[in-house]
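# Reading the structure
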Amino acid sequence: MTERPDQSPITSPRSERVRKVAALAGRSARRKQGRFRAEGPQAVRSLLAHRPELALEVHLTERAADAHPELERLAREAEVPARTVDEQILRAMVRESGPADRTADARSDGTGGSDAGGALVSPQGVVAVGALPAEDPDAATASLQALPAAGPLTVVVLHEVRDPGNVGTLIRTADAAGADLVLLTRTSADPYSPKAVRASVGSLFHLPVLTGAEAGPLLETLAARDITAAATSGHADSELFDVELPGRLAWILGNEARGLDEETLAAAPLTVRIPLSGHAESLNVHTAATVCLFETLRRRRAGA
């Protein structure tokens, strides 16, 4: 169990506590500390309102506290300490860790390590620290088994999606399109990296998002739960807008550069292509996901 943080005031941007929050840009530090950070009022508001059990502490400037009084109220309701800190301290919390840490993270997860390449991002006056959910293949599979046994539903599976920004944006799109669950295979980027959390704009905390799934067992569980795995391919015979979409559907989204591997494509009962009218040869993974998810939503609303 993650311990509650030190309650004493933070007075220096060079303090060890500030350094630890800044280090959460790296995947190895997140795993070692068992924590992640969320930046900005929208992400922190969503964390406190929808996943208060994960929140450990909130740091905000006086200006942010005045502009967003609901953050301190939500923190009180969640029994999470909220501290007013200097702008300088808050900025130090989101500063990138050193080159050695970035290199180590690149080796450990294959995603390039830290998110911003040394750049200093603006936290918009608010930073929260939360307990990092464990990466558990069994929990990912169990989450599918916990879904209703009948009725329409939408699952999104990110398989080898390596860019944290793409991961966060895809989670946001899944949320907007009414998805019931997002699963990430173990070779995908960490959705709790700062860049992914920022890109999700709070959606990470709005719906279940689980990591560490194994593609083979996941596809088997989908079939056992009568959920059709669907994938996009430029070589598919059927077009998305013409094919019948099952009510219980899992969209499998692949790597940014290579798409889905042949084995996963062959294992998906449904493959479709998105018709392109111009000269572009393909769509990026986020655009393709948006088209597929909102076509699914449109059909569901129309009763198709």
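So, here is what we can say about the structure in this document. These numbers come from a predicted model, not from an experiment.

### A closer look at the packing of helix 3 (residues 41-50) against helix 5 (residues 69-77)
- In contact at an axis separation of 9 Å, helix 3 and helix 5 are set at 25° when each is read in the N-to-C sense. With respect to helix 5, the axis of helix 3 lies roughly parallel. Judged by the twist between their axes, the crossing of helix 3 over helix 5 is left-handed. Of helix 5, the residues touching helix 3 (which contributes Pro41, Val44, Arg45, Leu48 and Ala49) are Glu70, Leu71, Leu74 and Ala75.
- Split into classes, the residues belonging to the contact of helix 3 with helix 5 amount to seven nonpolar, no polar and two charged.

### Observations concerning the packing of aromatic side chains
- Counted under the stated rule, the structure contains two aromatic pairs.
- Here a set of aromatic residues connected by ring pairs shows up, and it is made of Phe36, Tyr192 and Phe205.

### Quick look at the sheet that holds strand 3 (residues 82-84)
- Read across the open sheet, the four strands follow the order 1-4-2-3; overall the sheet is mixed. Looking along the sheet, the strands with just one partner apiece sit at the ends: strand 1 (35-39) and strand 3. Neighbour-to-neighbour, the strand axes of the sheet open up by a mean angle of 20°, direction not taken into account.
- Summarising the sheet, strand 1 and strand 4 (residues 126-131) pair through five bridges and their orientation is antiparallel. When the bridges of strand 4 are listed, Phe36 appears paired with Gly130.
- On top of the sheet, helix 3 reaches strand 1, strand 2 (55-60) and strand 4; it is set at about 35° to strand 4, its chief contact.

### A short note on helix 1 (residues 16-23)
- Buried within helix 1 we find Val18, Val21, Ala22 and Ala23.
- The inward-facing, buried residues of helix 1 contact helix 2 (27-33), strand 1, strand 2, helix 6 (87-93) and strand 4.

### So, the side chain of Ser200
- Here Ser200 is to be found in helix 10 (residues 194-200).
- Of the polar contacts made by the side chain of Ser200, one reaches the backbone nitrogen of Leu204; its length is 3.4 Å.
- Excluding residues that lie within four positions of it along the chain, Ser200 makes contacts with Gly168, Thr169, Ile171 and Arg172.

Cut-off values and rules
Residues numbered from 1 in each chain as written. Predicted model: local features only at pLDDT ≥ 70, side-chain atom pairs only at ≥ 80, totals over all residues. Heavy atoms only, no water. Axes fitted to C-alpha atoms, helices over the stretch in contact; angles between N-to-C directions. Helix = DSSP H or I, 4+ residues; strand = E, 2+ residues; numbered from the N terminus. Parallel < 35°, antiparallel > 145°, perpendicular 65-115°, else oblique. Left-handed = near helix turned anticlockwise from the far one by under 90°. Contact = heavy atoms within 4.5 Å. Nonpolar A, V, L, I, M, F, W, Y, C, P; charged D, E, K, R; others polar. Phe/Tyr/Trp six-rings, centres within 6.5 Å; stacked < 30°, edge-to-face > 60°. Pairing = 2+ DSSP bridges. Buried < 20%, exposed > 50% of the residue type's maximum accessible area, 1.4 Å probe, protein only. Polar contact = N/O pair within 3.5 Å; in protein donor to acceptor, adjacent residues only side chain to side chain.

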